[in-house]
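As a plain string of letters, each chain reads:
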There are 4 protein chains.
Amino acid sequence: MIIILKKNLSASAVDTIVEKLKSMQLEAVPQWVDEHIHLAIVRGEMEQVSFHELAKFPEVEKVLPCTSQFKLSSKTFKPTPTVIEIKGQKIGDGSCIMMAGPCSIESEQQIHEIAALVAKSGAQVLRGGAFKPRTSPYQFQGLGEAGLRYMRTAADANDLLAISEVMDVRDVSLVGEYVDIIQVGARNMQNFSLLKELGTIPKPVMLKRGLCATYMEWLMAAEYIASCGNNNIMLCERGIRTFETYTRNTLDLAAVPVLKDLTHFPVIVDPSHGTGLRALVAPMSYAAAAIGADGLMIEVHTNPDQSISDAKQAIHPKTFAKIVKKVQAIKVIE
Amino acid sequence: MIIILKKNLSASAVDTIVEKLKSMQLEAVPQWVDEHIHLAIVRGEMEQVSFHELAKFPEVEKVLPCTSQFKLSSKTFKPTPTVIEIKGQKIGDGSCIMMAGPCSIESEQQIHEIAALVAKSGAQVLRGGAFKPRTSPYQFQGLGEAGLRYMRTAADANDLLAISEVMDVRDVSLVGEYVDIIQVGARNMQNFSLLKELGTIPKPVMLKRGLCATYMEWLMAAEYIASCGNNNIMLCERGIRTFETYTRNTLDLAAVPVLKDLTHFPVIVDPSHGTGLRALVAPMSYAAAAIGADGLMIEVHTNPDQSISDAKQAIHPKTFAKIVKKVQAIKVIE
Amino acid sequence: MIIILKKNLSASAVDTIVEKLKSMQLEAVPQWVDEHIHLAIVRGEMEQVSFHELAKFPEVEKVLPCTSQFKLSSKTFKPTPTVIEIKGQKIGDGSCIMMAGPCSIESEQQIHEIAALVAKSGAQVLRGGAFKPRTSPYQFQGLGEAGLRYMRTAADANDLLAISEVMDVRDVSLVGEYVDIIQVGARNMQNFSLLKELGTIPKPVMLKRGLCATYMEWLMAAEYIASCGNNNIMLCERGIRTFETYTRNTLDLAAVPVLKDLTHFPVIVDPSHGTGLRALVAPMSYAAAAIGADGLMIEVHTNPDQSISDAKQAIHPKTFAKIVKKVQAIKVIE
Amino acid sequence: MIIILKKNLSASAVDTIVEKLKSMQLEAVPQWVDEHIHLAIVRGEMEQVSFHELAKFPEVEKVLPCTSQFKLSSKTFKPTPTVIEIKGQKIGDGSCIMMAGPCSIESEQQIHEIAALVAKSGAQVLRGGAFKPRTSPYQFQGLGEAGLRYMRTAADANDLLAISEVMDVRDVSLVGEYVDIIQVGARNMQNFSLLKELGTIPKPVMLKRGLCATYMEWLMAAEYIASCGNNNIMLCERGIRTFETYTRNTLDLAAVPVLKDLTHFPVIVDPSHGTGLRALVAPMSYAAAAIGADGLMIEVHTNPDQSISDAKQAIHPKTFAKIVKKVQAIKVIE
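Fair warning: this is a prediction, and the values are worked out from it, not measured in the lab. (Residues numbered from 1 in each chain as written. Chains lettered and ligands numbered in written order. Predicted model: local features only at pLDDT ≥ 70, side-chain atom pairs only at ≥ 80, totals over all residues.)

## Thoughts on the overall build of chain A
Move 1: Across its full length, chain A holds 11 helices and 14 strands.
Move 2: Computed over the C-alpha atoms, the radius of gyration of chain A is 21 Å, within 12% of the 20 Å expected from 2.2 N^0.38 for a compact globule of 334 residues.
Move 3: C-alpha atoms of chain A, sized along the principal axes, occupy 65 × 45 × 40 Å.
Move 4: Counting the 334 residues in chain A, one finds 56% classified as buried. (Helix = DSSP H or I, 4+ residues; strand = E, 2+ residues; numbered from the N terminus. Rg over C-alpha atoms; globule rule 2.2 N^0.38 Å. Buried ≥ 20, exposed ≤ 12 C-beta atoms within 10 Å, placed from the backbone.)

## Overview of the environment of Leu9 of chain B
Residues and elements named next belong to chain B.
Move 1: Structurally, Leu9 can be placed in the loop between strand S1 (2-5) and helix H1 (11-23).
Move 2: When the 18 C-beta atoms within 10 Å are taken as the criterion, Leu9 is described as partly exposed.
Move 3: Separated by 28 residues in the primary sequence, Leu9 and Ile37 place their C-alpha atoms 8.0 Å from one another.
Move 4: Every residue in contact with Leu9, bar those within four places of it in the chain, is listed here: Val14, Ile37 and Glu59. (Contact = placed C-beta atoms within 7 Å.)

## Description of the domain arrangement of chain A
Move 1: Under the domain assignment, chain A is made up of domain 1 (2-64) and domain 2 (84-331).
Move 2: One C-alpha centre belongs to domain 1 of chain A, the other to domain 2 of chain A, and the line joining them spans 36 Å. (Domains from an automatic or database assignment.)

## Describing the packing of helix H3 (residues 108-121) of chain D against helix H4 (residues 145-157) of chain D
Residues and elements named next belong to chain D.
Move 1: Relative to each other, H3 and H4 sit at 25 degrees, their axes nearing to 9 Å. On the basis of the axis angle, H3 is roughly parallel to H4. In the crossing of H3 with H4, the sense of the turn from one axis to the other is right-handed. Contacts between H3 and H4 involve Glu108, Ile111, His112 and Ala115 on the former and, on the latter, Tyr150, Met151, Ala154, Ala155 and Ala157.
Move 2: Residue composition of the contact of H3 with H4, by class: 7 nonpolar, 1 polar and 1 charged. (Axes fitted to C-alpha atoms, helices over the stretch in contact; angles between N-to-C directions. Parallel < 35°, antiparallel > 145°, perpendicular 65-115°, else oblique. Left-handed = near helix turned anticlockwise from the far one by under 90°. Nonpolar A, V, L, I, M, F, W, Y, C, P; charged D, E, K, R; others polar.)

## A few points about the interface of chain A and chain B
Move 1: Contacts between the two partners involve 33 residues from chain A and, on the opposite side, 33 residues from chain B.
Move 2: Taken together, the elements giving at least two residues each to the side of chain A that touches chain B come down to helix H8 (255-262), helix H10 (278-290) and helix H11 (317-331) of chain A.
Move 3: A class-by-class count of the residues in the side of chain A that touches chain B yields 22 nonpolar, 7 polar and 4 charged.

## Quick look at the interface of chain C and chain A
One frequent convention defines the size of an interface as the accessible area lost when the parts assemble.
Move 1: Each partner contributes to the interface: chain C provides 4 residues, whereas chain A provides 4 residues.
Move 2: The residue makeup of the side of chain C that touches chain A, split by class, is 1 nonpolar, 2 polar and 1 charged.

## Some thoughts on the confidence of the model for chain A
Move 1: Here chain A shows a mean pLDDT of 94. Residues at 70 or above account for 100%.
Move 2: Across the whole predicted complex the pTM is 0.94, and at the interface the ipTM reaches 0.93. (pLDDT = per-residue confidence, 0-100.)

## A word on the sheet that holds strand S8 (residues 125-127) of chain B
Move 1: Read around the closed barrel, the 8 strands follow the order S7-S8-S9-S10-S11-S12-S13-S14 (chain B); overall the barrel is parallel. Shown here is a sheet whose adjacent strand axes are inclined to one another by a mean of 25 degrees, direction ignored. (Pairing = 2+ DSSP bridges.)

## Regarding the relation of the copies chain A and chain B
Move 1: At an RMSD of 0.1 Å, chain A and chain B line up after a rotation of 180 degrees and a shift of 0.0 Å along the axis. Seen this way, the second copy is the image of the first under a two-fold rotation axis. Ranked by how close their C-alpha atoms come to the rotation axis, the residues of chain A are headed by Ala287 of chain A, at 2.0 Å. (Least-squares fit on C-alpha atoms with pLDDT ≥ 70 in both.)

## Here we look at the sheet that holds S1 of chain B
Backbone hydrogen bonds are what pair the strands of a sheet, in a parallel or an antiparallel way.
Residues and elements named next belong to chain B.
Move 1: An order of S2-S3-S1-S4 is seen for the 4 strands of this open sheet, with the pairing classed as antiparallel. What marks the edges here is a single partner per strand, and that holds for strand S2 (26-33) and strand S4 (60-64). In this sheet, neighbouring strand axes are inclined to one another by 25 degrees on average, regardless of whether the strands run parallel or antiparallel.
Move 2: With 3 bridges joining them, S1 and strand S3 (residues 36-44) adopt antiparallel strand pairing. Its bridge partner being in S3, Ile4 is matched across the sheet by His38.
Move 3: Across the sheet, H1 is in contact with S1, S2 and S3; its angle to S2 comes to roughly 155 degrees.

## Remarks on the environment of Val118 of chain B
All names here are of chain B.
Move 1: Locating Val118 in the fold gives a position in helix H3 (residues 108-121).
Move 2: On the basis of neighbour counts, which here come to 27 C-beta atoms within 10 Å, the residue Val118 falls in the buried class.
Move 3: Other than its neighbours up to four places away in sequence, Val118 contacts Ala100, Gly101, Ala123, Leu126, Val300, Pro317 and Phe320.

## Concerning the pairing of S1 of chain B
Along a regular strand, successive side chains alternate from one face of the sheet to the other.
Move 1: Pairing geometry for S1 of chain B and S4 of chain B, over 4 bridges, is antiparallel. Note on S4 of chain B: the bridge partner recorded for Ile4 of chain B is Lys62 of chain B.

Here it is, written out as structure tokens:
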């Protein structure tokens, strides 16, 4: 249930109605939408409350049903797209933000070199893993905090934002100190403890789709974050697992228009993990731009074949520069 | 193994070498590529033949290994894209052919009305089912030959080509009389009897991907047709089955660049079956155009909700007209 | 809708009511169940007919709704299991019929040798492919009619029934002359022309599940056969395609209890194709027996590694003999 | 690489060789196998070490290659099955351990009541969730520590072991205080931080298969635990996600013989989550027993339809009692 309050109510009037709802065993979460406050009822014995009764409250303009399980993430609650603004850079405003960088941060020199090149080619965000979720415990697990430090200086030196993954709930504040966007990887999409923790911090989160998650499960994972208070969420389609083995994953581009219909959060596409093959990154980026993605996350390496991880899908900075240009050309077509 | 013959050999010289190979228990299929004849060795005891020995034949320029199981369909055999020309209309030449029409041919009037509208909106090919593969034996099975007759006159009246599906090997010549392109549906992708029969007729064939076929199986199905003599083949990506139930299928756009790398046949995309949802047809068409599809097949109905079959995915002719325009704008971006 | 007629009605009384229903635009299919005739209404404008009105007919005992799309295959129509009897051998009576033999019939000698061994080990049915659905047109396509002839004599010499696959609708009567059960392979599960043709002949049919068919689609495929008049149908679970690549397919044993709840047809399990690995055939056979399978179909070869097709999954006759014994022991546990 | 040391070496001799390997940049993990110590080389520049050289060490009996990525979990390292013994109860010794209880611990009374009933019916382990991984943040999240306390007293009162899930790395020691086996749920199978933490505690762990994990990924997840020092690991097959929607998941019983061939850890089967349907729990349990499962985990509730979570798959204690009997009968068949 979504309760739309009358225009320009005072903060104390809003508090009053939230308290009144509490006394009826209903937990309400407020959200500004234009000049109105919307209240989502996220918990409570809704079947015992009459719409009619609520609609008669003097502060209430109207009451809408909200049948979806995800409330704060739904378009019913917030019909306008969420635009996330970080240091002046907007995500979700109709443009296509370009996130680029190596799979893993391998050394200080490497991340500085790549940061300079992707910045020059048109990236706004530097990506790079410091804590790496590797299938085997014997594979390179990332440089940890040192990696984050190198990344921060590389990003700052090139006027880029920084994004990196957090895997351990105990590292959330550490990672948050260094990056502008915290990434939740596919394997942790339903790590509910981690999601709840990320809901309590004032940092944008990019939530990757699980390897076999449905749209609904993915949105419910976003709802975990939102229900703890953090509304700066991006969703990132990165391919699902199917029986096709030629590609690493099957990139499900339908996710973009479907999610943009169901939720107000921006939707990013990762064609690198989504295909696993270097030659497919450019064409898939164009397709993602054409279908309306709010951003692209691409693995770029100065020496792709020497990348410590995911070598087969990394592209050269020159290819990235070419992609940026064509993506921009596609984005302006009406 | 692919044997490239010297330039400008006479037909009888080619015959001579084919006979020589036959005496070595090797079956060769010839193909013109620029000024050369390429011979694909499709059957035989290849492990007992020395490359070296073959390379010494006076007619032979060079011998290439062909490790893929699909021979005639491979880029090794024919490196240049196959352009299929039907009544002056080209498919595979870099443009994006638009195939549109109802799921089922429902009546003479219906197909004429829709044909006129899609022609006006920019379609080159009229689609419509006369023999319908329905999950239930109690569902509408199509108008059969009468439907094909209505379709032919509707196509001719609007200067359109016609495409329709054949399901029964005994109907191949009948369907071939009425349409310009014969479609093999997803459920029949590995109906090998049907594929062999289609290999013997002088009609272009559009082969849809099976619901859970890999790229390799799909190309081997095309090879069944090609190995019987018909090289006018289009491949049509129409979505695969995954665990995601929000959409009818998961449209796998990576198929387009992958196939265009592996084979010389044109690749068409069907966003109607590929998503099953009307609202996704336009965005997915743009993505398909951006990723390099050679054509689109779209279900169009004057009264989409009243469509006898697949009502949820049919779009209105006006939406189709809008799609054609934006697809053309995307196609010209360098 | 299922109409249960009163006990012991005369044939002419049944005809009368079928005609009466026809005049109401309802097509009815009769089936004996104990002393009653059940009529399934398979086509017609059911929403315009009142249950109440039909229940008042003097011949009618009661009228049941039948909400499932499959009518003749449903337990509502025929609550008792269908027992198929062929030359005295029963399938579906609670026992576990053992079908065994080579993937392909390779020669007269081979099929005779294997037939003798599997008969001795406890098989009741000889399997073997004469028309082979191969992914590649260049692979061995089977011995055709000669293979069927060898198989028939081998089966007769060892007092076995024979089962073999038909792929081409034009071969149905040919195959029917030689074998006792006609198999429809996974790739042809939705070859509706073939299913309809098999509905018109007096031979039991074993319908394999498609590689990515749901239970509902599979039952609707059976309904195609039943709706054309042939009720001697077995369903064969042979594994579905998943992302797991260690095994050839994922054998879905839940299919056995689910189907036995939804339909009256016997359910067979094929652990050879269902796993693709020799070492898994025995354990999976025991699991299938424990879950209630009405039969097992197993690939047996005297020299498994030399099998022309599917060598990795064929087992030796000695292993087969061991399986038969343990399967029988499991079957008798209450 | 696995290094098998000579019989009955002293602890100091083993230390010496481990140190020697360390000086060669090789990290070795020891394991008793019969009278020998096996050393798995889990990290290091193996390509620069000669087998020959190692084989000449006086303490070494022989050196085996270990090509699999999972080392400590492999049969090469430890050819005999791992038998986990907890308070006298053995898991992995050829018997089939029965774990039963409610999906969620709902109250002190509920868990005591069910514990008594399942103990009487033949269970050895009490299951029940205190921390619940729920798709929605608004669903019941479990009773937390109070639930664990109720569970412990209920288990003790009925002479049962207790198993419960941990979701948060910060709760590992808390959960470990109350239960005998710690469960890692499907959604956390690749929560590598959690796995590493569980590797450091002296408690057996049951690792459920991820919803779309391959056998290899699952074994690598087990290797994360083992590589941190905890070898008391059970693997639990609980169904994978496929396109079939009739059942909640597709229970992949081939996992049992495959894993028992690749690893020495016991394999448990969960037919409740594996099918999601009450009617399938008993037949699937029989199949699991017949294929060689080392245990079953089953959701039992005194009032199945009133279960707070997973109501559709919970069975009544009477059904459970029946399952125990038939499972035991199947287990003794040779």
